[in-house]
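# Structure assessment
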Amino acid sequence: MKHFRISQQILRPSVAGALLAVLALPAGAVDLKNADGSWTFSIDGEVNVDYIWSNCKSPGSAVAVAGGLTCLGSASGSSVSNISNGLLPAAFSFGVATTQDGIDLAAHLGLYPGIATNDGGSPNLQSNSANGSSNTALGTTGLDIRQVYMTFGNKDMGTFTLGRNIGLFGADVILNDMTLPGVGAPGGAAGPAPANTTLGGIGLGYIYTDWLGQIDYTTPDFSGFNATIGIFDPINSLSDPGTVEAKKAPGVHGKLTYTMNIAEGTKLYLSATGITQKQNYEIGTPATPYSYTGTGEDIFAKLDVQGLEVIGYYYHAKGLGTTGLFLLGAFDAACPAPGVGICPTTRTSNGYLAQITYKIGAIKLGYNHGDSRLDFANATDQLANPDLVRSNRKDTVGVYYSLTKALTLLAEGSYVKDVSAAGSNKATTINVGAYLGF
């Protein structure tokens, strides 16, 4: 039987820890060590809660935007109020680490509970009850178990990561989005059945990176350069028609990063990632197979100069859709017959996010602007799908105040606009809340 002792140490490397590090919110983790100190068990995480008020588009005046991210009010009014998690659910990350025969070994389990009521399985895929909402009396919240992985390696051989963890494509931008401890765009929070999280800037400047079963290898550091290459369990689309077929091959993603310390207090970080995966479906009777390949590339840059931080991000994709991986609009399903000739035809998407923040003592001020765009596959697609979203845009201003080392109070204001050929919808959101990291 192993005996453990408790000690307070710096936050250990985990995704929850990475989020806190990116946000520059100091925190300490509790570490348990066995008697000889060879194994360390760590616990770290965060809890965040916001009051979210949105002035949404009234249903009577809203234009049709398939895939638009502007919230809608109801027959009784355009105002919507919720108390919810923000872009992050709460996070409790458990880790164990040791070094054996010169190889560093570690494993992590991340639990992500929310505060929104959800009894229907995945807290991000709400299950509606008979009255149209799962947010009912006598309900309970859901538990999001999105992360379980192991690593092994060292500074000379590099590191292998195996398990379910955050994806590579689009990871840097969401981990550096200033609305991560806050809300940004409300998404499902501005509705009768709030999801576990808000959108932040998802679909409004970047595609959601997602959490993927994967096997990756990261090289040692070469004068500030690192490369990661890996395969991941191919995910099915949430919006493709027909019946999903088993995938013939895994998805592939890769990432190249460069970090340069320019001067004291000045650092430059650059990254570029790529992703590709094939979708296989069948449709009709008798079943006709169809397939297409989704690909994406992005670039990210962050410059830190004392208290000033500037971020720029751009992505380009084909057959990935918008908002999430294979989530919406990846291809034109209305072409003559899926599986025949050149059908289906993939759609191209692209987007960007620009952000600037500045710290003055315990206060951080920030502004970001993002835009995600989706193009028609061709003229036929445009005629068949005139309501398809062409653009989802967002502007957010935020104030983040470190009341203590671990507790941050925050306030944000966001403006969201979606656009289709039919016109545009607009909405605004204001949120105030608190973020506690440990």
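Before reading further, recall that the structure is shown in the block above.
Below: a short report on this structure.

Quick notes on the rules
Residues numbered from 1 in each chain as written. Predicted model: local features only at pLDDT ≥ 70, side-chain atom pairs only at ≥ 80, totals over all residues. Heavy atoms only, no water. Salt bridge = Lys/Arg side-chain N within 4 Å of Asp/Glu carboxyl O. Buried < 20%, exposed > 50% of the residue type's maximum accessible area, 1.4 Å probe, protein only. Helix = DSSP H or I, 4+ residues; strand = E, 2+ residues; numbered from the N terminus. Disulfide = S-S within 2.5 Å. Phe/Tyr/Trp six-rings, centres within 6.5 Å; stacked < 30°, edge-to-face > 60°. Lys NZ or Arg CZ within 6 Å of the ring centre and 35° of its normal. Patch = residues over 30% accessible without salt bridge, like charges linked within 9 Å, V, L, I, M, F, W, Y side chains within 5 Å. Areas by Shrake-Rupley, 256 points an atom, 1.4 Å probe, with all protein chains shown as cover.

## Considering the pattern of salt bridges
Evaluated as defined, the whole model comprises seven salt bridges. Lys-248 is paired through a salt bridge with Glu-245; the nearest N and O atoms lie 3.8 Å apart. You can call Glu-245 partly exposed: its relative accessible area is 21%. For Asp-375, the salt bridge goes to Arg-390, with nearest N and O atoms at 3.6 Å. On the criterion of sequence distance, the pair formed by Asp-375 in the loop between strand 19 (363–374) and helix 3 (379–384) and Arg-390 in the loop between helix 3 and strand 20 (391–402) is long-range, its members being 15 residues apart.

## Some words on the state of the cysteines
All chains considered together, the criterion is met by one disulfide. Here Cys-56 connects covalently by a disulfide to Cys-71, the sulfurs 2.2 Å from one another. What sets the handedness of the Cys-56 and Cys-71 disulfide is the S-S torsion sign, and at about -100° it is left-handed. Taken as a pair, Cys-56 in the loop between strand 3 (39–55) and strand 4 (79–84) and Cys-71 in the loop between strand 3 and strand 4 lie far apart in primary sequence, 15 residues in all.

## With respect to the packing of aromatic side chains
Scanning the entire structure with this criterion turns up ten aromatic pairs. Each member of the aromatic cluster is reached from another via a ring pair, and the members are Phe-152, Phe-160 and Tyr-217. Above the face of the Tyr-112 ring, Arg-146 is positioned so that its terminal group lies 4.8 Å from the ring centre. Positioned above the aromatic ring of Tyr-400, the side-chain terminus of Lys-364 is 5.4 Å from the ring centre.

## Notes on a nonpolar patch on the surface
Together, Met-260, Ile-262, Leu-303, Val-305, Val-310, Ile-356, Tyr-367 and Val-397 give the surface a local cluster of nonpolar side chains, amounting to about 590 Å² of exposed area. Within the residue set of the nonpolar patch, elements represented by two or more residues are strand 12 (251–263) and strand 14 (288–305). Position of Ile-262 relative to the elements: it lies in strand 12. A relative accessible area of 46% means that Ile-262 is categorised as partly exposed.

Interpretation note: all reported values are geometric properties and have no functional meaning in isolation.
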